[in-house]
Every structure is written in C-alpha cells, then in structure tokens.
Amino acid sequence: MSEPTAAADLTSAVDRIPGWFWPTDRRLFDWILSAGDQGDLLELGTYLGKSAVLIGGHLRPGEIFTVCDLFESDAPDADNDAETSKSYSTLTRRKFEDNYLGVHADLPRIVHGPTSEILDHVKADSCRFVHVDASHLYAHVKQDVLAARTVLREDGIVAFDDYRSEHTPGVALAVWEAVSRLGLEPICVSTQKLYATWGDPAPIRTRMLEWLGSAPDLWHTIDALGDRQLLRVNQRKKPKPAAGGGDLAELGRLSAELRRTSAELKKTTSDSRAAVQALRKATGEISLAGPVVQRAVRWTRSRITRHRSAG
C-alpha cells in the first residue's frame, strides 16, 4: 500500500479532477475519515475519481478501499442505461484509473459492474465509511441503502450524495424512507450530502460539534428533525478585508489624485473650448478675406497684361 499523500497535495490533486465535490464535503470527509477505529472504505459510484482520490488518501494499513461503478459498461436496465448515457457518457475505467494513479501508487479494489453486485465483494460489518453516489433512480438507491447498512459497522458512517437536488427525487425518497423505516440516523447535512449512521449518532455529533467550533472556515446550525437534532454545515464566506489605517490613507491619496485629475480635465476642456472658438474666428476671417484677395489678384494680373501690351 502507498504512503499517505500530504493534505495540500491531495487538495490540489482533487481540484484537477473533473466532477462535483464541494469544499464543505471535502472537509467533512477529511474529518470523518481521520477519526474512528479500523475499518474498510467503500464508494458506490465513483465517476472520474474526484472523491475517491480523497478517500484513498485516508486508507490505513490493513484496510481495503473498494470502488464500484459501471464505467463504460451497459447498465442493468433501460432506465439506468438512459441515465448513464445522459449524465456519464464520457466516463471510462481508464480515465478513473489514470486520475487515481496520478495521486496514489496503487489502485483501490475495483468492482466493474452495477452496485447491486457489491455484497459479493465486500464483507458485512466491515466498513467504517461508505459513500453512495451511484444511480439516482429510487429502485437502485434503495438497493444501495440496504447494501450500505449491510457492510457498515455499527458505528460506521454513510454519506448520500444528491439527497435533496431537484433532479434526483429518487435519492431523496430512498434516503428519507431509510430514516423513517430502516433506523438510519442522520448526523449532519451539507448542501449536497447527508451523513448518517445506523449506530448512535449522539457521540459522533458531539465530537463533530467540538471540531466545528474550531473550524473557522465552516459555519453550522443545529436544526430540529422531529425529535432528532440535525447539524447543518456549510462553507463560511470569506469576509471582505476591513479598512485599516493604511487602507484609509490609500483611500485619501486616491481621492486627492482623483480631484487633481478632475481639475486638470476641466482646465483642458476650457482651453480646448477657447482654441476652438479662436479657430472658428480665424476661419471666418479667412472666409471674409477670400473674395477681396481674389479681386486684388485679378486687378494685378490685368495691369500686368496691359503693361506688356503697351510695351
């Protein structure tokens, strides 16, 4: 197994890979994957490897990281095939592998096929973290929910992508159905993902709150979800720099410069107007003098002609 990749290098590598993996979720993944006891890792639906590269950076000695995706293969049914053809037509296993090996020395274990086959490859109660980001169709997400429940340890955490997007109602139905009927306990949500466990969420939530209290780049709220508490986490907007003494001095300098420039512009405009008026006057005078000059020239020419004739 390869040595862990430095956090800065990992962030840079993730940025270069096409896909959808927002900063808030990267921070949550980092925190979740850095904590807890030994356990395997699983990603259902990996696209080009953006999140897989980050997950692989937290792989510990003795653990197995498995990714499962159809890649360029045919989907198991017509609806799923239409979905993959529309949204993931450029996805190939080769592209995923190239992206992953651009960061890590070894590939994860790859299950090249539908996520319905994952239980043939990953043992029950073996995983500490599962990321579900495969099909958006209800029937398939429901299978992925059940698979995640099977492979997760009691204190393991699952992250569901697109649990609230308007174009993925099947994900929302399957995930909240698991909350209401299958004992899934939500821990927190971001704008894109829901994080939950089939264990006791209270200790995880308590540790997460302690961490969030020391994370200046994130903000959070605690919202009521029936009789539950649900953390909502998002990236904090970067504040605009406060105007200090140096900033005020610079502002004063720029204001004075603007006033000087404005005065010079007014003077130049005034001079230009005077020049235009003088030019118009000279032009008028030339226009008036023109006929007089022409008559004088004609008279002079006639005198010269008569003088020559007399001679």
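Computed from a predicted model, the values in this text were never measured in an experiment. (Residues numbered from 1 in each chain as written. Predicted model: local features only at pLDDT ≥ 70, side-chain atom pairs only at ≥ 80, totals over all residues. Heavy atoms only, no water.)

Caption draft 1: A look at the packing of aromatic side chains. Tallied over the entire structure, the rule returns 8 aromatic pairs. Pairing Phe 71 with Phe 96 gives two aromatic rings, centres 5.7 Å apart and planes at 45°, and the pair type is tilted. One end of the pair, Phe 71, is in the loop between β2 (65–69) and α4 (78–87); the other, Phe 96, is in helix α5 (residues 93–101), and 25 residues separate them in sequence. We classify Phe 71 as buried; its relative accessible area is 5%. Given a relative accessible area of 0%, Phe 96 falls into the buried group. An angle of 35° between the planes, with centres 5.9 Å apart, marks the rings of Phe 96 and Tyr 100 as tilted. Here Phe 96 and its partner Tyr 100 are both found in helix α5, 4 residues apart, which amounts to about one turn of the helix. An identical accessibility class is assigned to Phe 96 and Tyr 100; each is buried. (Phe/Tyr/Trp six-rings, centres within 6.5 Å; stacked < 30°, edge-to-face > 60°. Helix = DSSP H or I, 4+ residues; strand = E, 2+ residues; numbered from the N terminus. Buried < 20%, exposed > 50% of the residue type's maximum accessible area, 1.4 Å probe, protein only.)

Caption draft 2: Focus on the pairing of strand β1 (residues 40–44). For β1, the buried fraction is high: 5 of the 5 residues fall into the buried class. Neither face of β1 is left uncovered, since the one carrying Asp 40, Leu 42 and Leu 44 and the one carrying Leu 41 and Glu 43 both have all their residues buried. Pairing of β1 with strand β4 (residues 127–132), which is carried by 5 bridges, proceeds in the parallel orientation. The residue of β4 that forms the bridge with Asp 40 is Cys 127. Pairing of β1 with β2 involves 4 bridges; the strand directions are parallel. Directly across from Leu 44, in β2, lies its bridge partner Cys 68. Handedness of the β-α-β unit built from β1, helix α3 (residues 50–56) and β2 comes out right-handed. (Pairing = 2+ DSSP bridges. Right-handed = clockwise from strand over helix to strand, strands pointing away.)

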